[in-house]
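Given next are the chains, with one letter for each unit.
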Amino acid sequence: MAYYITPEFEGKIEGNRLIWETAGELVYLEPYGKDAIRFRSSKSLHIDEELNWTLIKPQDSECCKITMDDTCGTVINGKIRATITGDGTVTYYNNDTGKVLLEEYWIDGRVHTAPLRRAREYRCTSGNQFKISLYFKADIDEHFYGMGQDANDCFDLKGSTVELWQKNGKCTIPYTYSSKGYGFLWNNPAIGRTEFVNNHTLWYAQCARQIDYIVIAGDNPADINHKFTDITGRAPQFPVWAAGFWQCKLRYETQDELLAVAREYKRRGLPISVIVVDYFHWTIQGEWKFDPEKWPDPKAMVEELDSMGIKLMVSIWPTIDPRSENYEVMRRHNYILRAEKGVDVVFMFFGPQTYVDVTHPDAQQFFWNRAKEKYYKNGIKMFWLDEAEPEMRPYDYDNVRMYAGNGEEVSNLYCVGFAKAFYDGLVAEGEEVCNLVRCAWFGSQRYGVVLWSGDIASTFDSLRKQLKAGLNVSLCGIPWWTTDIGGFINGDPEDEDFRELIVRWFEFGVFCPVFRLHGFRLPYPERDILNPDGYCGSGGPNEVWSFGDRAYKIITKYMFLREKLIPYVMEQMDKASADGTPVMRPLLFDFPEDETVYQIGDEYLFGPDLMVAPVIEKGAVSRKVYFPRGAAWENAYTHETYPAGTWQTIDAPLGVIPVFYRDGKDLGLLDENVEETYAL
């Protein structure tokens, strides 16, 4: 027989912290920033208060109140209230309205018989490390957004499962905004998963010392986002020159080839801000210096590009080949990732590789010093921090040892150390920082990184997925974001279908925070990536004149449009630095009262005054557009106006991306030569 008993609450208050303890568990509840409460618990009966990972310590809350009685303990911090009952159940409320935001999910409260499931489950793996599961009750009408960047074709994450790990093309930032009016930050870099399914919400870690999360309440998404970025950080000032067009391909093989492309852009009178030297310009992986045969005078190259008003970005991989001149010293000082079992190889790409252990502060400094000597001193101040997950084959996280811990416990924050190494080095030299990175976690934005969406396919299916991924990552504190225009893999410049795709992608790319062309174009060279001495060749051409005359005419029109947009883009970048407002954001960010927008992941706001609806279907010459309630909308081409709260079919022939001004904010961008534009 099972009995249902609710035990009396027994806890204690220490300063601004409520402490609850029972046989086998210790819990802390306390304010953390404005209108936010932090929960920590462990089965080890010890909470490691130094284990803050990348969080920023907020100022002490002035709105905190903690009380206890026989039934529960209560923590109030401004707009949020949390209660914990005698059996350990935690519930969060909006303190202004009394509405339940989030409630732990215990299957039942039976005693004298085995419980079906507890809300907080710990299974010991070793010592004080556990497999941890945390369950909350599901709300069928709740919507979830964020969780980083994942090309899973989901905008609203309700009903989905999200893996918590970093991979090429997948960037995990375990934060979600809920339509119920809260933000949830899972402060845990462990490998795991989240389930936003219909019978529960689950946060699971494969290896962790404690449960650690923060719940944030607010009046609207912008309010919650502001508080979220208070405790995770904001991007620095964005350089004006970085708001223009970036030219890249895989790969320019020589100094002469790259300079010839830069000169051709200037000869044609085309705007260009950045040109990129991609990977394998080096002598060997882990030597971080130009191959002198193909890049004989980097300093002269940088000086010529500077004279043309073009910045040079150089790709840096954190991979280390055992043949590298740096390998032995880094191995002796434990500056590389090590295997828990077997040889220290986690990646096979033109030979066996391991990685710089950028979770090690001294390794960060060593890494930057080598880059400083061979790149920075030649005038290079902009870096492409590739392979930042780090990529592993296979992804056996449990077999990787980092300075910060075992890979299962800490590997999701590897990318932060990579970005920090180069940020700290550049700032020490008095430079502004704008580096490209393939992965991010909480706080990455503080280190001046542009996140891009990885090595994606050159298809309309991929374009659609990137749009949704970009909108979700925009809610995770990352305002500087981009994709490979045209996709990365299998695009053929001679194929008419691909030419249509790259035009549509350029239309979208103009209205992204960073406007960047990249790709590994057909035809591909023969190469053997498992051969240590193999040749890493380049693909086909990827300059704006490479896709035929019609595409060139449309693309260049959008390049000049981006130049007109730069002052507007910089206004939004400044706001992102000041208060965390994303530059590119889903409609729900500005229109949370309109329930329709919670399912729209293929339209977005670019700053407050432009609504953009990219064409993401092959062969489409029109698309349906929803006009949110709460604003007036005007076609930027035709100046036609549309009723708020309605769907309309908008003409969009190739070369036209539907763009709309909000509330009469005519920026004068697209209304010149309308007939010519539609005839393209």
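Anyway, here's the lowdown on the structure attached to this text. (Residues numbered from 1 in each chain as written. Predicted model: local features only at pLDDT ≥ 70, side-chain atom pairs only at ≥ 80, totals over all residues. Heavy atoms only, no water.)

Attention shifts here to the sheet that holds strand S8 (residues 80-85). Ordered by their spatial adjacency, five strands build an open sheet running S6-S7-S8-S9-S10, and the pairing between neighbours is antiparallel. The open sheet is flanked by strand S6 (64-68) and strand S10 (100-103), the only strands paired with a single partner. Going across the sheet, the axis of each strand differs from the next one's by a mean of 15°, ignoring polarity. Two strands pair when backbone bridges link them, and S8 and strand S9 (residues 90-94) are joined in this way by five bridges, in the antiparallel orientation. Paired with Arg81 across the bridge in S9 is Tyr93. (Pairing = 2+ DSSP bridges. Helix = DSSP H or I, 4+ residues; strand = E, 2+ residues; numbered from the N terminus. Axes fitted to C-alpha atoms, helices over the stretch in contact; angles between N-to-C directions.)

A few words on a nonpolar patch on the surface. A cluster of nonpolar side chains, Val343, Val345, Met348 and Leu530, forms an exposed patch at the surface whose accessible area comes to about 350 Å². When you line up the elements, Val345 lands in the loop between strand S25 (338-339) and strand S26 (347-348). Under the relative-accessibility criterion, Val345 is labelled partly exposed at 32%. (Patch = residues over 30% accessible without salt bridge, like charges linked within 9 Å, V, L, I, M, F, W, Y side chains within 5 Å. Areas by Shrake-Rupley, 256 points an atom, 1.4 Å probe, with all protein chains shown as cover. Salt bridge = Lys/Arg side-chain N within 4 Å of Asp/Glu carboxyl O. Buried < 20%, exposed > 50% of the residue type's maximum accessible area, 1.4 Å probe, protein only.)

Moving on, we get to the pattern of salt bridges. In this structure the tally under the stated criterion is 53 salt bridges. Two residues, Lys227 and Asp35, come together in a salt bridge whose shortest N-O distance is 2.7 Å. Note that Lys227 is positioned in helix H1 (residues 221-232) and Asp35 in the loop between strand S4 (25-31) and strand S5 (36-42), a separation of 192 residues in sequence. Note on accessibility: Lys227 and Asp35 belong to one class, buried. With a shortest N-O distance of 3.9 Å, Glu603 and Arg623 are connected by a salt bridge. Residue Glu603 is located in the loop between helix H11 (587-590) and strand S36 (604-606), and its partner Arg623 is located in strand S38 (residues 622-627); the two are separated by 20 residues in the primary sequence.

To continue, consider the pairing of strand S14 (residues 144-150). Judged by how many residues are buried, S14 sits mostly within the fold: six of seven residues are covered. Of the strand pairs in this sheet, S14 and strand S16 (residues 170-178) are connected by six bridges, and their pairing is antiparallel. Paired with Gln149 across the two strands is Cys171, which belongs to S16.

Moving on to a negative patch on the surface. On the surface, a cluster of negative charge is made up of Glu8, Glu10, Asp69 and Asp70. By the element assignment, Asp70 lies in the loop between S6 and strand S7 (72-77). Using a relative accessible area of 54% as the deciding quantity, one classes Asp70 as exposed. (Lys, Arg positive; Asp, Glu negative; His and termini not counted. Charge placed at Lys NZ, Arg CZ, Asp CG, Glu CD.)

Pairing is antiparallel in the open sheet, where three strands are placed in the order S24-S27-S26. Each having just a single partner strand, strand S24 (319-320) and S26 make up the two edges of the open sheet. As defined by bridge partners, S24 adjoins strand S27 (residues 352-355) across two bridges and the pair is classed as antiparallel. By the bridge assignment, Ile320 is partnered in S27 with Thr354.

With 15 residues, helix H8 (residues 460-474) extends 21 Å between its outermost C-alpha atoms, agreeing within 8% with the 21 Å of an ideal straight helix rising 1.5 Å per residue. Burial analysis of H8 places 12 of its 15 residues in the buried class, the great majority of the element. (Expected span 1.5 Å × (residues − 1).)

That bond from Leu250 to Arg251 is cis: its omega, -15°, falls within 30 degrees of zero. Mapped onto the fold, Arg251 is located in the loop between strand S21 (245-247) and helix H2 (255-267). In this model, Glu389 is joined to Pro390 through a cis peptide bond whose omega is 0°. The topology assignment puts Pro390 in the loop between strand S28 (382-385) and strand S29 (400-402). Phi at Trp53 takes a positive value of approximately 55°, unusual for a residue other than glycine. Counting through the fold element by element, Trp53 comes out in the loop between S5 and S6.

A few words now on helix H9 (residues 496-510). For H9, built from 15 residues, the straight-helix expectation of 21 Å at 1.5 Å per residue is met to within 8% by its first-to-last C-alpha distance of 21 Å. The N-capping residue of H9, defined by a side-chain oxygen 3.1 Å from the backbone nitrogen of Asp497, is Asp495. (Polar contact = N/O pair within 3.5 Å; in protein donor to acceptor, adjacent residues only side chain to side chain.)

Here we take up the packing of aromatic side chains. One pass over the full model with this rule turns up 62 aromatic pairs. Measuring from ring centre to ring centre gives 6.1 Å for Phe508 and Tyr604, while their planes differ by 85°; the resulting arrangement is edge-to-face. In this pair, Phe508 sits in helix H9 while Tyr604 sits in strand S36, placing the two residues 96 residues apart along the sequence. Taken together, the aromatic side chains of Trp288, Phe290, Trp295, Phe367, Trp368, Tyr375, Tyr376, Phe383, Phe418 and Phe422 make up a single cluster linked through ring pairs. A cation over an aromatic ring shows up here: Arg370 above the ring of Phe366, its NZ or CZ 4.0 Å from the ring centre. (Phe/Tyr/Trp six-rings, centres within 6.5 Å; stacked < 30°, edge-to-face > 60°. Lys NZ or Arg CZ within 6 Å of the ring centre and 35° of its normal.)

Moving on, we come to the packing of helix H5 (residues 361-374) against helix H7 (residues 414-428). At a minimum axis distance of 9 Å, the contact between H5 and H7 shows a crossing angle of 55°. What the angle tells us is that H5 and H7 run oblique. The two elements H5 and H7 cross, and the hand of that crossing is right-handed. Here H5 contributes Gln364, Phe367, Trp368 and Ala371 to the contact with H7, which in turn contributes Gly417, Phe418, Lys420, Ala421, Phe422, Gly425 and Leu426. A class-by-class count of the residues in the contact of H5 with H7 yields seven nonpolar, three polar and one charged. (Parallel < 35°, antiparallel > 145°, perpendicular 65-115°, else oblique. Left-handed = near helix turned anticlockwise from the far one by under 90°. Contact = heavy atoms within 4.5 Å. Nonpolar A, V, L, I, M, F, W, Y, C, P; charged D, E, K, R; others polar.)

Turning our attention to the packing of H9 against helix H10 (residues 549-579). Working note: a packed helix pair is described by the angle between its axes plus the distance between those axes. Axis separation between H9 and H10 bottoms out at 10 Å; the angle between their running directions is 5°. When the axis of H9 is compared with that of H10, the two are roughly parallel. Contact residues: H9 offers Ile502, Val503, Phe506, Glu507, Gly509 and Val510, while H10 offers Ala551, Ile554, Ile555, Tyr558, Leu561, Arg562 and Leu565. Grouping the constituent residues of the contact of H9 with H10 by class yields 10 nonpolar, one polar and two charged.

A few words on the environment of Tyr105. Within the fold, Tyr105 resides in the loop between S10 and strand S11 (110-111). Apart from residues no more than four positions distant in its own chain, Tyr105 is found in contact with Arg117, Arg118, Ala119, Tyr135, Phe136, Lys137, Asn199 and His200.

Once that is clear, we can look at the environment of Trp282. Structurally, Trp282 can be placed in the loop between strand S22 (274-277) and helix H3 (298-307). A residue is classified by how much of its surface remains accessible, and Trp282, at 6% relative accessible area, is buried. Once the C-alpha coordinates of Trp282 and Leu134 are considered, the two residues, 148 residues apart in sequence, prove to be 46 Å apart. Residue contacts for Trp282: discarding those within four places in its chain leaves Lys289, Phe290, Asp291, Ser315 and Trp317.

On to the environment of Ala114. Looking at the element boundaries, Ala114 is found in the loop between S11 and strand S12 (120-126). Here the alpha-carbon distance between Ala114 and Tyr279, two residues 165 residues apart in the chain, equals 57 Å.

No statement about biological role is implied by the geometric values presented.
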